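# Residue-level structure breakdown
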Amino acid sequence: VHAPMMLQTGTLFLGYIRLYAGTFQICTWNLQTGKLLEVLSGHEGPVTNVRFSQGVLVSSSWDKTVRFWDTFESKGTTDSLQLSSDCTTVAVRPDGNQVAVATLNSDITFYDMKAGVTVGSIEGRKDLWPGRSSQDLISAKSQERNRCFTTLCYSADGSVILAGGHSKFICIYNVAQTVLLKRFEVSRNLSYDAMLQFLRSDNMTDQGALDLMDTDESHGQEIALPGVAKGDFSKRRTKPVIKVHSVEFCPTGQSWCSATTEGLLIYSLDDTISFSPVDLDIDVTPGALRIALKKGENTKALVIALRLNTSEYLIEAVECVPIDTISLIVTSLPLDYVIKLLDFLARQLSETQHLHFYVSWVTVILTVHGQGLKKRSPELTTVMNTLISNLLGETKSLAKLCDSNSYSLDLINAANMRNCSGVTTM
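Because the structure is predicted, anything quoted here is derived from the model rather than measured. (Residues numbered from 1 in each chain as written. Predicted model: local features only at pLDDT ≥ 70, side-chain atom pairs only at ≥ 80, totals over all residues. Heavy atoms only, no water.)

With that settled, consider the packing of aromatic side chains. For the structure on display, the rule yields 7 aromatic pairs. With centroids separated by 5.1 Å and ring planes inclined at 70 degrees, the aromatic side chains of F184 and W256 adopt a geometry described as edge-to-face. Residue F184 is found in strand 16 (residues 179-185), and its partner W256 is found in strand 20 (residues 255-260); the two are separated by 72 residues along the sequence. Summarising the burial analysis for this pair, F184 and W256 share the class buried. (Phe/Tyr/Trp six-rings, centres within 6.5 Å; stacked < 30°, edge-to-face > 60°. Helix = DSSP H or I, 4+ residues; strand = E, 2+ residues; numbered from the N terminus. Buried < 20%, exposed > 50% of the residue type's maximum accessible area, 1.4 Å probe, protein only.)

Here's what the structure looks like:
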């Protein structure tokens, strides 16, 4: 497509591309034909973001307004919202009934798109936790420069919203209650600027911060890089600042990602964490283990042995389980205990004489809890390597024994047949 002016790319949606420009205009093209459809004018400041939802284009601008454009039925602005500060970004809830606007004063305001009224607001100045830059002459608590949200994203159900911007934190808020649920720290790398809230006073001089001064003792005798005529451009006189450029939710709501100065960060819910009420029992003793075995409570005895984490008690609890009830016991165990049990079985395979019994345990565990173990495969690398190594070792030992027994039987049969043929001849 050809633009009538210098433009910055905005949003791509269903065959249409929408661009917003420094000239305060929004242009719309058809990607299939490359034809310019229309130019939307009305903003009196630079457009910061555009979103498309159910035939309505929502745009935010530094002119303290959010405008709604009906791009299909009519031309021009259908409605606009006036805010108290410059708009930095806008997000639309997936159902298209609510819009969230972030402003330069670190606030997030929620509007009902149909009624055009405010339904809630969040003051995020304290949640951003501004750090003090090396060039700041006042404390981080007093200065509010460049501390605002620049990217927003709703979850798939619209219940929570992610917010990030000029800060090392990403905040997740509950939309209905307008409260902070959790704050994620992007980085602790102190090579970035404004990472600390308090600076060391002995690093501040009358001429400024020591970090910004050239401490080279070469007295002006700099070795210039090849092709450089105006000093050494390889020297860094300013530190990079940590920022969050974009955040996006996964459609399933189980994970989300962020593009930051540190790179692409992916956060995911860990649904493999299990909780067992047995852990609340304070009577975990060898005596309680043997009482449970006498009563036939094999599952409870096995859990107590796993919590004691002693090979002697584990062997006693495992070998007292009837082989036909292994599947029932393994099914009732939490995944955390299954991993501990699998680790014990893998190590015991090379020492036990009850090889078939222990292999039966391993087979049932991998069959019943295979999916759960696969999700936690990174932490099971050592256990699985031990298991495979011991199984291969026992397989080779049994193969040699079976071959030796087979050869011995063949020798015995041949000797018997020779003896029988000698007796018949006589």
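Text resumes after the structure shown.
With that out of the way, let us pick up the pairing of strand 13 (residues 149-154). Of all 6 residues in strand 13, 5 are buried; the element is thus mostly enclosed. The pairing of strand 13 with strand 14 (residues 160-165) spans 5 bridges and is classified as antiparallel. The residue bridging F149 from the neighbouring strand is G165, located in strand 14. Two successive antiparallel strands, strand 13 and strand 14, enclose a turn made up of 5 residues, where G158 displays a positive phi of approximately 75 degrees. (Pairing = 2+ DSSP bridges.)

This next bit is on the packing of helix 2 (residues 286-294) against helix 3 (residues 298-308). Following both chains from N to C, one finds helix 2 and helix 3 inclined at 160 degrees, their axes separated by 8 Å at the closest point. Classified by the interaxial angle, the pair formed by helix 2 and helix 3 is roughly antiparallel. Every pair of crossing elements has a handedness; the one defined by helix 2 and helix 3 is left-handed. For the pair helix 2 and helix 3, the contacting residues are P286, A288, L289, A292 and L293 in the first and N298, A301, I304, A305 and L308 in the second. (Axes fitted to C-alpha atoms, helices over the stretch in contact; angles between N-to-C directions. Parallel < 35°, antiparallel > 145°, perpendicular 65-115°, else oblique. Left-handed = near helix turned anticlockwise from the far one by under 90°. Contact = heavy atoms within 4.5 Å.)

Judged by nonpolar contacts, the single largest core of 40 residues is most densely connected at L289, L302, V318, L341, L345, W361 and I365. Per-element accounting of this core gives the leading share, 9 residues, to helix 6 (residues 335-348). If near-sequence neighbours (up to four positions away) are discounted, V318 is found in contact with L302, L341, F344, F357, Y358 and W361. In this structure, F110, L128, L152 and Y154 belong to the second largest nonpolar core, which totals 15 residues. (Core = buried A, V, L, I, M, F, W, Y, C linked by side-chain atoms within 4.5 Å.)

A separate point is the pairing of strand 15 (residues 169-174). Most of strand 15 is tucked away: 6 of the 6 residues are buried. Going residue by residue along strand 15, you find F169, C171 and Y173 tucked away on one face and I170, I172 and N174 tucked away on the opposite face as well. Direction of pairing for strand 14 relative to strand 15: antiparallel, over a ladder of 4 bridges. Bridge assignment links L162 to a residue of strand 15, and that residue is I172. Where strand 14 folds back onto strand 15 in an antiparallel hairpin, the turn is made up of 3 residues. Two strands pair when backbone bridges link them, and strand 15 and strand 16 are joined in this way by 6 bridges, in the antiparallel orientation. Looking at strand 16, one finds that I170 is bridged to F184. Between strand 15 and strand 16, which pair antiparallel one after the other, the connecting turn spans 4 residues, and T178 there sits at a positive phi close to 50 degrees.

Moving on, we come to the packing of helix 6 against helix 7 (residues 355-368). Following both chains from N to C, one finds helix 6 and helix 7 inclined at 145 degrees, their axes separated by 10 Å at the closest point. Once helix 6 is placed against helix 7, the crossing between them reads as left-handed. Of helix 7, the residues touching helix 6 (which contributes V338, L341, L342, F344, L345 and Q348) are Y358, W361, V362 and I365. The class makeup of the residues in the contact of helix 6 with helix 7 is 9 nonpolar, 1 polar and no charged. (Nonpolar A, V, L, I, M, F, W, Y, C, P; charged D, E, K, R; others polar.)

Looking now at the sheet that holds strand 15. Sheet architecture is open: 4 strands sit in the order 13-14-15-16, paired in antiparallel fashion. With one partner strand each, in any of the chains shown, strand 13 and strand 16 form the two edges of the open sheet. This sheet shows a mean twist of 20 degrees between the axes of neighbouring strands, independent of strand direction.

Let's shift gears to the confidence of the model for the chain. Regions with low pLDDT carry predicted coordinates that are not meant to be interpreted in detail. Taken over all residues, the pLDDT of the chain has a mean of 77, while the share at 70 or more is 74%. With pLDDT under 50 throughout, residues 272-278 is counted as low confidence; its partners more than four residues away or in other chains account for 10 contacts. (pLDDT = per-residue confidence, 0-100.)

Listed in full, the buried residues belonging to helix 4 (residues 311-319) are Y313, L314, A317 and V318. Seen end-on, helix 4 carries its buried residues on one side only, within an arc spanning 125 degrees. The inward-facing, buried residues of helix 4 contact helix 2, helix 3, helix 6 and helix 7. (Arc of directions from axis to C-beta.)

Helix length check: helix 6 (14 residues) gives 20 Å between terminal C-alpha atoms against 20 Å at 1.5 Å per residue, within 8%. The buried count for helix 6 comes to 10 of 14 residues, which makes it a mostly enclosed element. Listed in full, the buried residues belonging to helix 6 are L335, Y337, V338, I339, L341, L342, F344, L345, A346 and Q348. (Expected span 1.5 Å × (residues − 1).)

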